[in-house]
Amino acid sequence: ATPAPSSRVPFLTETPRPMSILWWDHHTAQQNVRPEAPETALASETKLDNALNGFIEGTVQLPVDGRWLLQYYIGGPAYDRNAPDGQNFPTQNVGEPDATDSMTIEINGETAVHVNDANLQGHRKFVSQTIEGQQLTFKFSFSSAHPTRRLHPFVATGQLTLLRDRNPAPQIGTPTGEFKGVAVNSCDGKKLSPRSRVSNGYTKNIWRVPQDANLMIFQGSTLVMTVPLNKGKFKLPVPAGRYTCVATMPRYYTFYDDDCSIVAGKKRKKRIAMSPMLNPGTARIVLQWGKKPRDLDSYLLVPHKNPRLPECEVNFRKKKCHSGVVRLDVDNVRGYGPETISIDGFHPGKYQYKVNHYGQRGNGAKLRLAHATVALYTEDSTKHWELQARQGFIDKDNWYVFSIDGTTKEITTCTRDTCTTT
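Residues numbered from 1 in each chain as written. Predicted model: local features only at pLDDT ≥ 70, side-chain atom pairs only at ≥ 80, totals over all residues. Heavy atoms only, no water.

Peer 1: Which parts of the structure should I look at to understand the sheet that holds strand β21 (residues 267–274)?
Peer 2: Remark on secondary structure: sheet strands pair via backbone hydrogen bonds, oriented parallel or antiparallel. Taken in spatial order, the 3 strands make up an open sheet running β18-β13-β21, and their pairing is mixed. Here the strands that pair on one side only, and so sit at the sheet edges, are β18 (233–239) and β21. The mean inter-strand angle of the sheet, taken between neighbouring strand axes irrespective of direction, is 25°. Where strand β13 (residues 176–185) lies against β18, 7 bridges are found, and the strand directions are antiparallel. Bridge assignment links K180 to a residue of β18, and that residue is K235. (Pairing = 2+ DSSP bridges. Helix = DSSP H or I, 4+ residues; strand = E, 2+ residues; numbered from the N terminus. Axes fitted to C-alpha atoms, helices over the stretch in contact; angles between N-to-C directions.)

This is the structure:
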């Protein structure tokens, strides 16, 4: 049984998932500020509109009193006359931004001023801040020398992760099981060992890993322990129980897995796949599973820019569609995953994702035992599907998971009525 905290401090029986914070959704007042496209999804940029100054302020209520980690980034568009029409970041073709444009960011009493100089134009600046309590208050103030919206810097969607509630760690004794594994970058499969070089999701080996991931084990909202990592790996005895694993790292989205149970006398292996934060307008699909089967494969059906031409399907045989705008970054054939597909831009039409049990010609019986999970990261949310929870549907040896409308960016879980079997 799972012990509950003995105190009367508020406690949630389920570990809160990381919260995506679209600032516009929580605003209480604003002037001359709006998100990039409030009528559609995948619109995380909050910036000054066609004006010289403005602000947005608001409040976010958190589900439990405790310590939270806020992560987000700011960015500014650089000028490139050859940038695609309509693109806002990292480059745009409208004109030269003004290096004196500024953003003043106030969050829970802490203030920082950011200037749109050469260090910001075309780049992302990542910010982490610890939040105490059960409320986040914010105010972003913008000032610009030019009233052209597409030249202005922006604040991207934030992510809030619970680090601990106000309860002490529960007293859990023996027996124990062995918990071991490794933290990896989901975009290249490389181990996240400090000082090693990894992909940022767009360019190979451009990031140097600053530190080991912060891996935590929770029961409900209460932190049980922090797992020490050494050069990206961990191995330790953990008291038997039902747990949720949460991992954080600067510049990455939080890893969340509510199936980290430990059985006495047994070994439990986990691969912690950390996904780098996305540029505006892009998305990433990460598939993970257990030791068996050895090989699951990701398939993404991608519409052609010309609707009269046939779709392209990204998979292990064809790793790129539309000159690499959609691509298979990692193909894992040894169990656990990750297997990762990146989408750097969307065309009108339907994107459909499925998982195939490689080499099988059966009824999906072995696939059903895979304990597979899929995470879809977009700039404004992270969505999860679990095979064991019967989310999506199985047809033969394929798990049909979700589809995305390339125009509205609406995400729909697959049913036999909404997704086409192939």
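This is not the end of the story, as more comes after the structure.
Peer 1: Even after reading the chapter, I still don't get the state of the cysteines, so can you show me in this structure?
Peer 2: Defined simply, a disulfide is a covalent bond joining two cysteines at their sulfur atoms. The final tally for this structure, using the stated rule, is 3 disulfides. The side chain of C312 participates in a disulfide bridge whose partner is C321; the two sulfur atoms lie 1.8 Å from each other. Looking along the S-S bond of the C312-C321 disulfide, the torsion reads about -80°, which is the left-handed sense. A disulfide bridge connects C414 with C419, and the sulfur atoms are separated by 2.0 Å. Its S-S torsion of about -70° marks the bond between C414 and C419 as left-handed, since a negative value means left-handed. (Disulfide = S-S within 2.5 Å.)

Peer 1: Honestly, the packing of aromatic side chains in this entry has me stumped. Any pointers?
Peer 2: Each aromatic ring pair is described using two quantities: the centre-to-centre distance and the angle formed by the ring planes. Within this structure, the stated rule accounts for 16 aromatic pairs. With a centroid separation of 5.3 Å and an interplanar angle of 85°, the aromatic rings of F89 and F154 are classed as edge-to-face. Highlighted residues: F89 in the loop between β6 (78–79) and β7 (91–92) and F154 in strand β11 (residues 154–155), separated in sequence by 65 residues. Under the relative-accessibility criterion, F89 is labelled buried at 7%. By relative accessible area, F154 is classed as buried at 1%. Positioned over the ring face of Y73 is R124, at 5.3 Å from the centre of the ring. (Phe/Tyr/Trp six-rings, centres within 6.5 Å; stacked < 30°, edge-to-face > 60°. Buried < 20%, exposed > 50% of the residue type's maximum accessible area, 1.4 Å probe, protein only. Lys NZ or Arg CZ within 6 Å of the ring centre and 35° of its normal.)

Peer 1: So what exactly am I meant to see when it comes to the sheet that holds strand β19 (residues 244–248) here?
Peer 2: An order of β17-β16-β19-β20 is seen for the 4 strands of this open sheet, with the pairing classed as antiparallel. Edge positions in the open sheet fall to β17 (222–227) and β20 (255–257), since each of these has one partner strand only. Going across the sheet, the axis of each strand differs from the next one's by a mean of 20°, ignoring polarity. With 5 bridges joining them, strand β16 (residues 214–219) and β19 adopt antiparallel strand pairing. Residue pairing in the sheet places N214 in a bridge with T248 of β19.

Peer 1: I would appreciate a short explanation of the side chain of R271 in the present structure.
Peer 2: With respect to the helices, strands and loops of the structure, R271 is situated in strand β21. The buried charged residue R271 lacks any salt bridge partner; its closest oppositely charged side chain belongs to E339, at an N-O distance of 9.8 Å. With near-sequence residues (within four places) excluded, R271 lies in contact with V182, V184, F255, Q288, N332, G335, Y336, G337 and P338. (Lys, Arg positive; Asp, Glu negative; His and termini not counted. Salt bridge = Lys/Arg side-chain N within 4 Å of Asp/Glu carboxyl O. Contact = heavy atoms within 4.5 Å.)

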